[in-house]
Amino acid sequence: MQSTICGWHSFVILLTIGSSYPATPDNVVKKALVTLFARVTKLGWFDSDKDEFVFRNVVADVSKFLQGSVEHCMIGVQLLSQLTCEMNQISEADANRSLTKHRKIASSFRDTQLFEIFRLSCNLLSTAQENCKSLNFNDEAQHGLIKQLLKLANNCLTFDFIGTSTDESADDLCTVQIPTTWRPAFLDFNTLKLFFDLYHSLPTSLSHLALSCLVQIASVRRSLFNNTERAKFLSHLVFGVRHILQNPQHGLIKQLLKLANNCLTFDFIGTSTDESADDLCTVQIPTTWRPAFLDFNTLKLFFDLYHSLPTSLSHLALSCLVQIASVRRSLFNNTERAKFLSHLVFGVRHILQNPQGLSDEKTYHEFCRLLARLKSNYQLGELVMVEFYPEVIQLITKFTVESLQMWQFAPNSVHYLLSLWQRMVASVPYVKATEPHLLERYTPEVTSAYITSRLESVAVVVRDELDDPLQDLGMVQQQLEQLSVIGRCEYKKTCTLLVQLFDQAARAYQELLNGAQPAAQGLDLSIQEGRLTWLVYIIGTAIGGRVSFNNNDEHDAMDGELVCRILQLMNLTDSRLSQGGCEKLELAMLSFFEQFRKIYVGDQVQKNSKVYRRLSEVLGLSDESMLLSVFIRKIITNLKYWGRSEQIITKTLQLLSDLSVGYSCVRKLVKLDEVQFMLNNHTSEHFPFLGNGVAVTEMRCRSMFYTSLGRLLMVDLGEDEDRFDAFMLPLTATFESIGQMLASAETPLFAAEEAKKALIGLARDLRGLAFAFNTKTSYMMLFDWIYPAYTPILLHAIELWNHDPQVTTPVLKLFAEMVQNRSQRLQFDVSSPNGILLFREASKIICSYGTHILGVEVPKAQTYPLKLKGISICFSMLKAALCGSYVNFGVFRLYGDEALDNALNTFVKLLLSISQADLLDYPKLSQTYYVLLECLAQDHMSFLATLEPNVFLYILSSISEGLTALGGNINAFTDTMVCTGCCATLDHIVTYLFKQLTQKGKKGRRAGRVGDLPGGSDMFLRTLELNPDILRQILSTVLNVIMFEDCRNQWSMSRPLLGLILLNEEYFSQLRESIIRSQPPDKQAAMAQWFENLMDGIERNLLNKNRDRFTQNLSLFRRDINDSLKGPNMTSTTSSNDMVTS
């Protein structure tokens, strides 16, 4: 009844739009009503009354408008156009709904209505084209109707057919995934001709819309055609483009260039490269296009367009040239390629000789991309053979130097220029051409320009208070990595320049520090610190560039000169830290240490490197151990003085962590007095960031600190419990203090904030140690220390602050780490109860947190951080405990221990508190839930079988949703992992069910088995007998994904499918007949044969041999289906919704 009422509402809206408001395009009320109609239709798409979907007759209903006056016809077109848009996008109304729900509605609309709407728009446009001469485009109604029709056609073509949800920035790189059912419309080249004819016959105010449609048609997926059809389609497309180019209209050049660019960016071989990889790809032009590229007038055309068009359009011509410059090498033979490259370089030279047009930022950016393509697609040996290469390389050098000096202009384009030089320099060792490459002459100019321009920028940034480029460290690091390769060409010149500039900056910096009134020189001091920061970053990456080249003792000696200066600067800055310091300079130092560590510290380093010789001569650091001592002193200094800077502390601890991983390095470290000091004095007195004065958000890094200390401690720990206890003394004191404070929690004297902060820090510290202790001996020392003395304190904290995720998250993560059997460290002795005791504690934590969090109400916007995150960690903890293989869970029920049942029942309660939309909307929650569910289905199916019907149906429904998660709002990796986990879980459930049914008549078979719950299997079977549709729904979903979707995990999908078929043989037969009948008559016999082949040789059991045979059959079945869908005679497919409801 409710659906019928909604249907009448939409009908009333239609009548209101049609009769009560004028049909002017700008009528605000009418626009709102049109939007309302579309939204109501979308929301009620699956509503039915008496087995009829009341909102799906939309085309028939709207067609009544199309038979009326021009005004009414325009309203009808607007309704269809808005409905197509509404179905294609997530509106604000959908923001809190499941994306999976949106995709189901959109997919149903796509499969049942969209093609009909597109054909309707083409028919109406064709009629308008035939009567074009009699149309009056000055008439607002007639003009508006054509405009709305073109918009409708474009909306159909830009529909998100497969749920990729590409953003607008990637629009010109994507392929239009036209459904196979649309093949006839594109094989009929009159469709293509229609839009070209409309372009020529319509006024300029409308013709760009016709070109927009052509842009989409030019981007249809390759697999829609076979090779012959694709060649014909491209031929008609290029013919239409040529006709337009022969008769251009200046106002539409922009659309023409976009169309040409879309043709050139077509996904010719189905690689679907994303935009981030755009400048690494080769354009795979078909061989049939060879004449167009061997005719160098094509190249000349776009260079001429660049020079003749205004700057607002010239960048589009360069975009086309970027693609033309990237055509695959194999399109030409060697002679042809040399000629093509010669013409290309000639055009580039002409632009460089007349650079006035490059003042526009977009044009400049595209030209930089064009220069980068010169080297990405052509070898340096080919470039040097071009007749005027010496002049061109000189012009490119001049252009690069000038560009680098204009550091504020188009900073994102610098990447392409540096990429060109980086690739040329990297190719030098492989050049066999007789002509000189001249890079040894010009690369020092580029290196010098970059370095000096960055140093000169500092004064401008500081004095004018501009945005500092160093704030975007990602971009800076990328540029410096490119510079490190460029600078290694003529490295002696690079080092000489760096030494000269560094000495000047360091001298000026020291003079300022020694000045009588340094406070009055604050601006100059900031400038010098900024210059030194750039130099330290550059020197660090220059040293890091050593891996790209052959080892050279002379280069190592030069590196030694640079390292000495950095260490001397470090000594100077560290001596002043009590008075303050420069955070950016310290971050640069840490970056330098990281680069130096990768190259000169570790197992692979030559011990006689000239770096150490120079360090020994200048600073007395004769070997790696002495240098490691410098590293650790710097780490200790930073941890002592920079506790207020989370960024410095984090990067410092990351350096310590990296040093503590290497096998030989960590053994040298533990011999240092500085490391022993850290192991014996890890308190807030020596390391302020460990104190309670630090903000809670900055305590995250403490886990990393204790992970590093744990690794260092383990080197010589062995079974020395005294040493372990001595190391744990500060943590023991903290635990005792927290215990005393919590004992007074009910009194007015309770210092809640102090206790809370101490507990958060302690939990993070212990989690770091638990992660590091990956051996049985070290882990058992930690376990014996924490249990049973301190686990009650953690449990008390969970009960006390259950509503505060700042407390619960670290404690839950600590327990999740404790129950993790990392590196098989949880191998208890046969007489040890520790595995059971550990699980009991984890169970207490899960139950306590779960019981309390269920009673906490949180705002919708804060659901994940305040509630779901903790639940996700509990799921992860339970999964790790259940799959750790260190507990025999059968003993719990055997001896009446409720720890296992309590944990599992808490899991059920937590699960029921989560909406299924949230399960898929939050990736971390999805991962933890589905892996836990797979573990339960594998090892605890007897528990799942006893669940209440509503719980088990919820789980099956979540599995069904997870199977179709591909293409949702989770990343592709998580999507596949969730889907694969759902398949494995479903396989376990189906196998269990099949075994129960086949053994049902064998009485006494399972009587008295330990671990089985009474009545479990019977309840399971009754639930499914009362709700048979759920497994049928899943069977339809799995079969649909395998047959018609992009199935990335076919093997996993095949495993539960056999069981589903055997459990629903009658329904599978109906489904098969429905699919066969939906095919064209000439395809039905083939489809029937494929289904026969699918079950060929398959027995009625789920033995592995039988499963493997079915998987092989399914692979062939899917291949045959896909080949058929690409064939010329296939005119229809079956949608997922059709299959489910059949």
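Residues numbered from 1 in each chain as written. Predicted model: local features only at pLDDT ≥ 70, side-chain atom pairs only at ≥ 80, totals over all residues. Heavy atoms only, no water.

1. With respect to the packing of helix H16 (residues 361–376) against helix H19 (residues 414–427)
Piece 1. Between H16 and H19, whose axes approach to 8 Å, the crossing angle comes to 15°. Relative to H19, the element H16 is oriented roughly parallel. Every pair of crossing elements has a handedness; the one defined by H16 and H19 is left-handed. In this structure, H16 uses Tyr364, His365, Cys368, Arg369, Leu371, Ala372, Lys375 and Ser376 to contact H19, whose residues at the interface are Tyr416, Leu417, Leu420, Arg423, Met424 and Ser427.
Piece 2. Taken together, the residues of the contact of H16 with H19 break down into eight nonpolar, three polar and three charged. (Axes fitted to C-alpha atoms, helices over the stretch in contact; angles between N-to-C directions. Helix = DSSP H or I, 4+ residues; strand = E, 2+ residues; numbered from the N terminus. Parallel < 35°, antiparallel > 145°, perpendicular 65-115°, else oblique. Left-handed = near helix turned anticlockwise from the far one by under 90°. Contact = heavy atoms within 4.5 Å. Nonpolar A, V, L, I, M, F, W, Y, C, P; charged D, E, K, R; others polar.)

2. Focus on the confidence of the model for the protein chain
Piece 1. Of the residues in the protein chain, 87% reach a pLDDT of 70 or more, and the chain-wide mean stands at 83.
Piece 2. Predicted confidence in the protein chain is weakest over helix H53 (residues 1136–1141), with a mean pLDDT of 35, and strongest over helix H37 (residues 805–818), with 96.
Piece 3. Note on residues 966–973: pLDDT under 50 across the span, and 17 contacts to partners over four residues away in sequence or across chains.
Piece 4. Low confidence marks residues 1004–1014, where pLDDT is under 50. Its contacts with residues over four positions away, or in another chain, come to 14 contacts. (pLDDT = per-residue confidence, 0-100.)

3. Overview of helix H45 (residues 949–963)
Residues that lie three or four places apart on an α-helix share one face, since the helix turns once every 3.6 residues.
Piece 1. The end-to-end C-alpha distance of H45, which contains 15 residues, comes to 21 Å, matching closely the 21 Å that a straight helix rising 1.5 Å per residue would cover.
Piece 2. Across the 15 residues that make up H45, a large majority, 11, are buried.
Piece 3. Burial in H45 covers these residues: Val951, Phe952, Tyr954, Ile955, Leu956, Ser958, Ile959, Ser960, Glu961, Gly962 and Leu963. (Expected span 1.5 Å × (residues − 1). Buried < 20%, exposed > 50% of the residue type's maximum accessible area, 1.4 Å probe, protein only.)

4. Points about the nonpolar core
Piece 1. In terms of nonpolar packing, the biggest core is built from 377 residues, with Phe186, Phe195, Phe705, Leu766 and Phe839 touching the most fellow members.
Piece 2. Tallying contributions element by element places helix H22 (residues 491–514) first for this core, with 12 residues.
Piece 3. Setting aside residues up to four positions removed in sequence, Phe839 forms contacts with Leu878, Ala881, Leu882, Val887, Phe889, Phe892, Ala899, Leu900 and Ala903. (Core = buried A, V, L, I, M, F, W, Y, C linked by side-chain atoms within 4.5 Å.)

5. Section: the packing of aromatic side chains
Piece 1. Under the defined criterion, the tally for this structure stands at 33 aromatic pairs.
Piece 2. With a centroid separation of 5.7 Å and an interplanar angle of 55°, the aromatic rings of Phe687 and Phe705 are classed as tilted. With Phe687 in the loop between helix H30 (673–680) and helix H31 (702–717) and Phe705 in helix H31, the pair connects residues that are 18 residues apart, well separated along the chain. Each of the two residues, Phe687 as well as Phe705, counts as buried.
Piece 3. Chaining the aromatic ring pairs together yields one cluster made of Phe592, Phe593, Phe596, Tyr600 and Phe631.
Piece 4. Looking at Arg488, its charged tip hangs above the ring of Tyr491, at a distance of 3.8 Å from the centre. (Phe/Tyr/Trp six-rings, centres within 6.5 Å; stacked < 30°, edge-to-face > 60°. Lys NZ or Arg CZ within 6 Å of the ring centre and 35° of its normal.)

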